Amino acid sequence: MSDKSTALMSVKNVSKVFGGYEALADVSLEIRAGEVLCLLGDNGAGKSTLIKVLSGFHEPTSGSMEFDGKPVRFTSPRLASDLGISTVHQFGGTFPLMSLGRSFFVGVEPTKGWGPFKFFDKKHANEVVVEQMQAMGITRVTDGERLVGSLSGGERQVSAIARAVYFGAKVLILDEPTAALGVKEAAHVLRIIMQAKHRGIAVVLVTHNVSHALTVGDHFAVLIHGRKADDFARGERTREQVTDLMAGGEAMAELEAELSQLTGSPTDIH
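Residues numbered from 1 in each chain as written. Predicted model: local features only at pLDDT ≥ 70, side-chain atom pairs only at ≥ 80, totals over all residues. Heavy atoms only, no water.

Visitor: Please clarify how the packing of helix H4 (residues 122-135) against helix H5 (residues 153-166) should be interpreted in this entry.
Guide: Working note: a packed helix pair is described by the angle between its axes plus the distance between those axes. As a packed pair, H4 and H5 sit with axes 9 Å apart at the nearest point and diverge in direction by 110°. Our classification of the angle between H4 and H5 gives roughly perpendicular. Counting all contacts with H4, which are made through Val128, Gln132 and Met133, the residues of H5 involved are Glu155, Val158, Ser159, Ala162 and Tyr166. Classifying every residue of the contact of H4 with H5 by side-chain character gives five nonpolar, two polar and one charged. (Axes fitted to C-alpha atoms, helices over the stretch in contact; angles between N-to-C directions. Helix = DSSP H or I, 4+ residues; strand = E, 2+ residues; numbered from the N terminus. Parallel < 35°, antiparallel > 145°, perpendicular 65-115°, else oblique. Contact = heavy atoms within 4.5 Å. Nonpolar A, V, L, I, M, F, W, Y, C, P; charged D, E, K, R; others polar.)

And the structure:
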């Protein structure tokens, strides 16, 4: 059994090359149970490629991974899912024209009857989804027959997270879960992330929103052009330092120095 003293999942010197393009270069990470690891970076930093490696959509070109101290090699998302690695994408991966009960159990439908007479147990599915949604604070959901498309963006995120937790996720990967959400909905999703953490789930939060990351994160990794530019624990960097790094602060400082030498006076280009 894993605890916070050891990594539940680790990535060691992983690189991923597509044709001649190196999307990830020598990235190492440790993901711990009961902690939120925030993957920070601007668009094109390599965050999406990394989570696809973690969840089995891509095999790394080089490097290795371990889960619960044992080497693993994912040749499909199913192998990662079987170990309890669950990914929730930006819009929850839900089906707008499907009922909540159907969507919650898609692929793992509860059934009644026997043999060729088995059929979807709609009553059970609807009861479970309402119970799980309300436990996550979405109290206005009282009918599992309600269409997924009638939910707000934040409620869809909560539904997808609730589904992952219900089916025993050990590593919960959240890809930009607060993107395009209003302040209140984003705050609710962040509270759900904290609930998952307190249940002992290892959460990987992928985001470019520094404020949201610093609100819930325990550990942080910043990716720039496929490389890990920084790796630090909560409290070891200021918001300004993280924002500056993500924006290429070092490059900006070098440019300022060059302009200063050319003009003979300090230059402020911020």
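Visitor: Looking at this structure, I do not really get a nonpolar patch on the surface. What am I missing?
Guide: A contiguous nonpolar surface patch, about 250 Å² in accessible area, is contributed by Val108, Tyr166 and Phe167. Among the secondary structure elements, Phe167 is positioned in the loop between H5 and strand S9 (171-175). (Patch = residues over 30% accessible without salt bridge, like charges linked within 9 Å, V, L, I, M, F, W, Y side chains within 5 Å. Areas by Shrake-Rupley, 256 points an atom, 1.4 Å probe, with all protein chains shown as cover. Salt bridge = Lys/Arg side-chain N within 4 Å of Asp/Glu carboxyl O.)

Visitor: Help me understand the sheet that holds strand S10 (residues 202-207), please; the structure alone is not making it clear to me.
Guide: Remark on secondary structure: sheet strands pair via backbone hydrogen bonds, oriented parallel or antiparallel. In space, the six strands of this open sheet follow the order S6-S9-S10-S3-S11-S12, with mixed pairing throughout. Of all strands in the sheet, those bounded by a partner on one side alone are strand S6 (85-88) and strand S12 (227-233). Averaged over all pairs of adjacent strands, the angle between their axes in this sheet comes to 15°, without regard to strand direction. Bridging between strand S3 (residues 36-40) and S10 involves five bridges; their strand directions are parallel. (Pairing = 2+ DSSP bridges.)

Visitor: What am I meant to see in unusual backbone geometry here?
Guide: Comment: phi is negative for the bulk of residues other than glycine, and the bulk of peptide bonds are trans. Phi is positive for Asn13, which is not a glycine, with a value near 55°. With respect to the helices, strands and loops of the structure, Asn13 is situated in strand S1 (residues 9-18). Asn13 sits in the partly exposed class, given a relative accessible area of 41%. Positive phi outside glycine occurs at Asp26, with the angle close to 55°. (Buried < 20%, exposed > 50% of the residue type's maximum accessible area, 1.4 Å probe, protein only.)

Visitor: What is the right way to read the pairing of S1 from this model?
Guide: The two faces of the sheet receive side chains in turn, since in a regular strand these alternate between them. Taken together, the seven bridges between S1 and strand S2 (residues 21-31) define a ladder with antiparallel strand orientation. Looking across to S2, one finds that Ser10 is bridged to Glu30. Here S1 hands over to S2 after two residues, with Gly19 in that stretch at a positive phi of 60°. In terms of strand pairing, S1 meets strand S4 (residues 62-67) through five bridges, oriented antiparallel. Bridge pairing in S4 links Ser10 to Glu66.

Visitor: Before we go on, may I ask you to explain the sheet that holds S4 in this structure?
Guide: With antiparallel pairing, the four strands of this open sheet are ordered in space as S2-S1-S4-S5. Unpaired on one side and paired on the other, S2 and strand S5 (70-72) mark the two borders of the sheet. When the angles between neighbouring strand axes are averaged without regard to direction, this sheet yields 30°. In the sheet, S4 pairs with S5 via three bridges, with the strands oriented antiparallel.

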